[in-house]
Amino acid sequence: METPVTPTVHRAVCPGSFDPVTMGHLDIFRRAAAQFDEVVVLVTGNPNKNSGLFSIDERLELVRSATTEIPNLRVDWWSGLLVNYTTEHNIGVIVKGLRSALDYEYEIPMAQMNRNLTGVDTVFFMTDPKYGHVSSTLCKEVVKYGGDIRDMLPAEVEKAIKAKYAPS
Ligand code: PNS
(Lines give C-alpha, C1' and ligand atoms only; values in the text may rest on other atoms or scores of the structure.)
Protein backbone atom coordinates (compact mmCIF):
# COMPACT_ATOMS: atom_id res chain seq x y z
CA MET A 1 0.00 0.00 0.00
CA GLU A 2 1.42 3.38 -1.06
CA THR A 3 1.76 6.06 1.60
CA PRO A 4 -0.90 8.67 0.80
CA VAL A 5 0.01 12.32 0.23
CA THR A 6 0.17 14.07 3.61
CA PRO A 7 -2.76 16.50 3.97
CA THR A 8 -1.88 20.14 4.74
CA VAL A 9 -4.17 20.21 7.77
CA HIS A 10 -3.03 17.42 10.05
CA ARG A 11 -6.17 15.71 11.20
CA ALA A 12 -6.40 12.72 13.49
CA VAL A 13 -9.28 10.59 14.67
CA CYS A 14 -9.60 8.88 18.05
CA PRO A 15 -12.17 6.13 17.46
CA GLY A 16 -13.79 3.93 20.07
CA SER A 17 -16.97 2.69 21.65
CA PHE A 18 -16.50 5.02 24.66
CA ASP A 19 -19.15 3.28 26.77
CA PRO A 20 -18.45 5.54 28.60
CA VAL A 21 -15.45 7.84 28.17
CA THR A 22 -12.82 7.59 30.95
CA MET A 23 -9.97 9.79 32.17
CA GLY A 24 -7.62 7.45 30.28
CA HIS A 25 -9.41 8.28 27.01
CA LEU A 26 -9.38 12.01 27.86
CA ASP A 27 -5.63 11.91 28.42
CA ILE A 28 -5.14 10.44 24.92
CA PHE A 29 -7.51 13.05 23.40
CA ARG A 30 -5.56 15.91 25.02
CA ARG A 31 -2.23 14.52 23.89
CA ALA A 32 -3.55 13.99 20.35
CA ALA A 33 -4.90 17.56 20.30
CA ALA A 34 -1.41 18.80 21.22
CA GLN A 35 0.13 16.96 18.23
CA PHE A 36 -2.45 17.48 15.47
CA ASP A 37 -4.26 20.54 14.06
CA GLU A 38 -7.67 18.92 14.41
CA VAL A 39 -8.83 15.88 16.35
CA VAL A 40 -12.13 14.07 15.92
CA VAL A 41 -13.29 11.81 18.72
CA LEU A 42 -15.39 9.28 16.85
CA VAL A 43 -17.97 7.27 18.76
CA THR A 44 -18.54 4.12 16.72
CA GLY A 45 -21.61 1.94 16.80
CA ASN A 46 -25.10 1.56 15.47
CA PRO A 47 -27.57 3.94 17.15
CA ASN A 48 -30.42 1.51 16.40
CA LYS A 49 -28.76 -1.36 18.26
CA ASN A 50 -28.90 -1.17 22.01
CA SER A 51 -25.55 -2.62 22.94
CA GLY A 52 -23.63 -1.37 25.94
CA LEU A 53 -24.76 0.64 28.92
CA PHE A 54 -25.12 4.00 27.16
CA SER A 55 -26.85 4.83 23.87
CA ILE A 56 -24.74 6.44 21.13
CA ASP A 57 -26.40 9.80 21.91
CA GLU A 58 -25.55 9.50 25.60
CA ARG A 59 -21.93 8.56 24.83
CA LEU A 60 -21.61 11.55 22.49
CA GLU A 61 -23.03 13.87 25.12
CA LEU A 62 -20.65 12.55 27.80
CA VAL A 63 -17.62 12.94 25.51
CA ARG A 64 -18.75 16.45 24.54
CA SER A 65 -19.22 17.56 28.13
CA ALA A 66 -15.79 16.20 29.10
CA THR A 67 -13.89 17.82 26.21
CA THR A 68 -15.26 21.37 26.06
CA GLU A 69 -11.87 22.83 27.01
CA ILE A 70 -10.07 21.32 23.99
CA PRO A 71 -10.62 23.87 21.19
CA ASN A 72 -9.33 21.80 18.25
CA LEU A 73 -11.39 18.73 19.12
CA ARG A 74 -14.82 17.82 17.82
CA VAL A 75 -17.02 14.83 18.49
CA ASP A 76 -18.81 12.74 15.88
CA TRP A 77 -20.25 9.24 15.41
CA TRP A 78 -20.00 6.61 12.69
CA SER A 79 -21.57 3.23 12.15
CA GLY A 80 -19.56 2.08 9.12
CA LEU A 81 -15.95 1.21 8.35
CA LEU A 82 -13.53 3.53 10.08
CA VAL A 83 -11.43 3.90 6.92
CA ASN A 84 -14.45 5.20 5.00
CA TYR A 85 -14.79 7.94 7.63
CA THR A 86 -11.09 8.85 7.48
CA THR A 87 -11.16 9.02 3.67
CA GLU A 88 -14.38 11.09 3.57
CA HIS A 89 -13.06 13.55 6.14
CA ASN A 90 -9.50 13.74 4.83
CA ILE A 91 -8.05 12.36 8.07
CA GLY A 92 -4.52 10.97 7.80
CA VAL A 93 -3.97 9.37 11.20
CA ILE A 94 -5.86 7.14 13.63
CA VAL A 95 -4.77 7.65 17.25
CA LYS A 96 -5.13 4.93 19.85
CA GLY A 97 -3.89 4.48 23.40
CA LEU A 98 -1.90 1.38 24.37
CA ARG A 99 -2.12 0.22 27.98
CA SER A 100 -0.48 -3.19 27.69
CA ALA A 101 0.50 -6.11 25.50
CA LEU A 102 -3.17 -7.12 25.50
CA ASP A 103 -4.09 -3.84 23.80
CA TYR A 104 -1.18 -4.32 21.42
CA GLU A 105 -2.41 -7.77 20.34
CA TYR A 106 -5.93 -6.38 19.84
CA GLU A 107 -4.87 -3.25 17.97
CA ILE A 108 -2.16 -4.52 15.59
CA PRO A 109 -4.43 -6.43 13.19
CA MET A 110 -6.84 -3.47 13.06
CA ALA A 111 -4.02 -1.03 12.35
CA GLN A 112 -2.64 -3.32 9.64
CA MET A 113 -6.07 -3.92 8.12
CA ASN A 114 -6.86 -0.20 8.06
CA ARG A 115 -3.50 0.62 6.45
CA ASN A 116 -3.99 -2.14 3.93
CA LEU A 117 -7.46 -0.82 3.05
CA THR A 118 -6.63 2.84 2.40
CA GLY A 119 -3.09 3.57 3.56
CA VAL A 120 -4.28 5.36 6.71
CA ASP A 121 -1.72 5.05 9.51
CA THR A 122 -2.39 4.32 13.17
CA VAL A 123 -0.29 6.08 15.80
CA PHE A 124 -0.15 4.67 19.32
CA PHE A 125 0.31 6.77 22.42
CA MET A 126 1.50 4.88 25.47
CA THR A 127 -1.07 5.23 28.22
CA ASP A 128 0.03 7.26 31.22
CA PRO A 129 0.82 4.66 33.92
CA LYS A 130 -1.76 6.25 36.21
CA TYR A 131 -4.45 5.12 33.75
CA GLY A 132 -2.93 1.74 32.91
CA HIS A 133 -5.67 -0.16 34.73
CA VAL A 134 -8.55 2.09 33.67
CA SER A 135 -11.15 0.71 31.27
CA SER A 136 -14.79 1.57 30.65
CA THR A 137 -15.78 -1.99 31.59
CA LEU A 138 -13.97 -2.02 34.94
CA CYS A 139 -15.12 1.50 35.83
CA LYS A 140 -18.77 0.57 35.20
CA GLU A 141 -18.41 -2.48 37.41
CA VAL A 142 -16.69 -0.60 40.23
CA VAL A 143 -19.34 2.17 40.19
CA LYS A 144 -22.14 -0.41 40.02
CA TYR A 145 -20.98 -2.02 43.25
CA GLY A 146 -20.26 1.23 45.04
CA GLY A 147 -16.47 1.39 44.70
CA ASP A 148 -14.41 4.54 44.53
CA ILE A 149 -13.38 5.41 40.96
CA ARG A 150 -12.08 8.86 41.88
CA ASP A 151 -9.67 10.24 39.24
CA MET A 152 -10.64 7.54 36.74
CA LEU A 153 -13.86 9.08 35.40
CA PRO A 154 -15.06 12.64 34.72
CA ALA A 155 -17.63 13.64 37.37
CA GLU A 156 -20.53 13.72 34.87
CA VAL A 157 -19.68 10.21 33.71
CA GLU A 158 -19.64 8.83 37.25
CA LYS A 159 -23.01 10.49 37.85
CA ALA A 160 -24.42 9.04 34.62
CA ILE A 161 -23.30 5.50 35.50
CA LYS A 162 -24.81 5.79 38.98
CA ALA A 163 -28.09 6.96 37.42
CA LYS A 164 -28.11 3.90 35.12
CA TYR A 165 -27.70 1.52 38.05
CA ALA A 166 -30.00 3.37 40.48
CA PRO A 167 -32.92 1.19 41.59
CA SER A 168 -36.10 2.29 39.77
O1 PNS B 1 -13.43 1.02 21.93
P2 PNS B 1 -13.18 -0.17 21.06
O3 PNS B 1 -14.34 -1.13 21.11
O4 PNS B 1 -11.85 -0.81 21.31
O5 PNS B 1 -13.11 0.42 19.56
C6 PNS B 1 -12.84 -0.43 18.45
C7 PNS B 1 -13.16 0.34 17.16
C8 PNS B 1 -14.50 1.01 17.27
C9 PNS B 1 -12.10 1.37 16.94
C10 PNS B 1 -13.18 -0.66 16.01
O11 PNS B 1 -14.08 -1.68 16.30
C12 PNS B 1 -13.56 0.01 14.69
O13 PNS B 1 -12.72 0.57 14.04
N14 PNS B 1 -14.88 -0.06 14.33
C15 PNS B 1 -15.39 0.53 13.10
C16 PNS B 1 -15.69 -0.57 12.08
C17 PNS B 1 -14.42 -0.97 11.36
O18 PNS B 1 -13.79 -0.20 10.68
N19 PNS B 1 -14.02 -2.26 11.55
C20 PNS B 1 -12.82 -2.79 10.97
C21 PNS B 1 -11.62 -2.46 11.85
S22 PNS B 1 -10.12 -3.08 11.14
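Numbers given for residues are sequential positions, taken from 1 along each chain in its written order. Local features in a predicted model are, by the rule used here, given only for residues with pLDDT of at least 70; side-chain atom pairs are given and counted only at 80 or more, and totals for whole chains, interfaces and linings are based on all residues. Think of the side-chain values as coming from all heavy atoms in the structure, minus any hydrogens and water.

Another point: the sheet that holds strand E4 (residues 93-98). Sheet architecture is open: 5 strands sit in the order E3-E2-E1-E4-E5, paired in parallel fashion. Lying at the two open borders of the sheet, with one neighbouring strand each, are strand E3 (73-78) and strand E5 (121-126). The average angle at which neighbouring strand axes cross in this sheet is 30 degrees, direction not considered. Strands qualify as paired when DSSP identifies two bridges or more between them. Put simply, DSSP marks the helices as runs of H or I at least four residues long and the strands as runs of E at least two long, and each gets a number from the N terminus on. When strand E2 (residues 38-44) meets E3, the two strands line up parallel, connected through 6 bridges. Note on geometry: axes are C-alpha line fits, over the in-contact stretch for helices, and angles between N-to-C directions span 0 to 180 degrees.

To continue, consider the site of the ligand. Summary of the distance rule: residues count as near a molecule or strand when at least one heavy atom falls within 4 Å of that molecule or strand. Neighbouring residues of the ligand: Pro15, Gly16, Ser17, Thr44, Gly80, Leu81, Leu82, Lys96, Tyr106, Met110, Met113 and Asn114. Here an oxygen atom of the ligand and a backbone polar atom of Ser17 are 2.9 Å apart. Tyr106 places a polar side-chain atom, nitrogen or oxygen, 3.1 Å from an oxygen atom of the ligand. Method for areas: the Shrake-Rupley scheme with a 1.4 Å probe, in which residue coverage is limited to the protein chains shown. Coverage of the ligand by the protein amounts to 69% of the 540 Å² it exposes when considered alone. Put simply, the parts of the chain that give the shell around the ligand at least two residues each are strand E1 (11-16) and helix H4 (101-118). The biggest single contributor to the shell around the ligand is H4, with 4 residues. Side-chain atoms alone can form a polar contact between residues adjacent in sequence; in general such a contact is a pair of N or O atoms within 3.5 Å, and within protein one must be able to donate a hydrogen while the other accepts it.

Bringing the pattern of salt bridges into the picture now. Any Lys or Arg side-chain nitrogen located within 4 Å of an Asp or Glu carboxyl oxygen qualifies as a salt bridge. In this structure the tally under the stated criterion is 13 salt bridges. As a salt-bridge pair, Arg150 and Asp148 come within 2.5 Å of each other at their nearest N and O atoms. Among the salt bridges present, the one from Lys162 reaches Glu158, with a minimum N-O distance of 2.9 Å. Of this pair, Lys162 and Glu158 both sit in helix H6 (residues 155-165), 4 residues apart, roughly one helical turn. The network of salt bridges with common partners includes Asp19, Arg59 and Lys140.

In this section: the nonpolar core. As used here, the term nonpolar core means buried Ala, Val, Leu, Ile, Met, Phe, Trp, Tyr and Cys residues forming a set that is joined through side-chain atoms within 4.5 Å. For the exposure calls, accessible area comes from a 1.4 Å probe over protein chains only, and a residue counts as buried if that area is under 20% of its type's maximum, exposed if over 50%, partly exposed in between. If you look at the biggest cluster of nonpolar residues, it comprises 35 residues, and the most contacted ones within it are Phe29, Val63 and Val95. Of all hydrophobic cores here, the second largest spans 10 residues; its members include Val13, Tyr85, Ile91 and Val120.

We call a pair of cysteine sulfur atoms a disulfide whenever their separation is within 2.5 Å. In this structure the tally under the stated criterion is 0 disulfides. Distance from the sulfur of Cys14, which forms no disulfide, to the nearest cysteine sulfur (Cys139) is 18 Å.

So, on to a nonpolar patch on the surface. Residues Leu81, Met113 and Leu117 make up a contiguous nonpolar surface patch of about 290 Å² in total accessible area. Mapping Leu117 onto the fold places it in helix H4. A patch consists of residues whose relative accessible area exceeds 30% and which take part in no salt bridge; residues with like charges are grouped when within 9 Å of each other, and nonpolar side chains (Val, Leu, Ile, Met, Phe, Trp, Tyr) when within 5 Å.

Moving on: unusual backbone geometry. Between Asp19 and the following residue, Pro20, the backbone shows a cis peptide bond with an omega angle of 0 degrees. As for its placement among the helices and strands, Pro20 is situated in the loop between E1 and helix H1 (23-35). Unlike most non-glycine residues, Phe18 shows phi in positive territory, near 50 degrees. Positive phi is not limited to glycine here, since Asp151 has a value of about 70 degrees. Accessibility expressed as a relative area gives 58% for Asp151, which makes it exposed.

Right, let's talk about the environment of Asp37 for a bit. Along the chain, Asp37 falls in the loop between H1 and E2. On the basis of relative accessible area, Asp37 is assigned to the partly exposed category, the value being 42%. Each C-alpha atom of the pair Asp37 and Val142 lies 36 Å from the other, and the pair is 105 residues apart in sequence. Contact between two residues is taken to exist if any of their heavy atoms lie within 4.5 Å; hydrogens are not considered. For Asp37, the contacting residues outside a window of four places in its chain are Thr8, Val9, His10 and Asn72. There is a polar contact of 2.8 Å between the side chain of Asp37 and the backbone nitrogen of His10.

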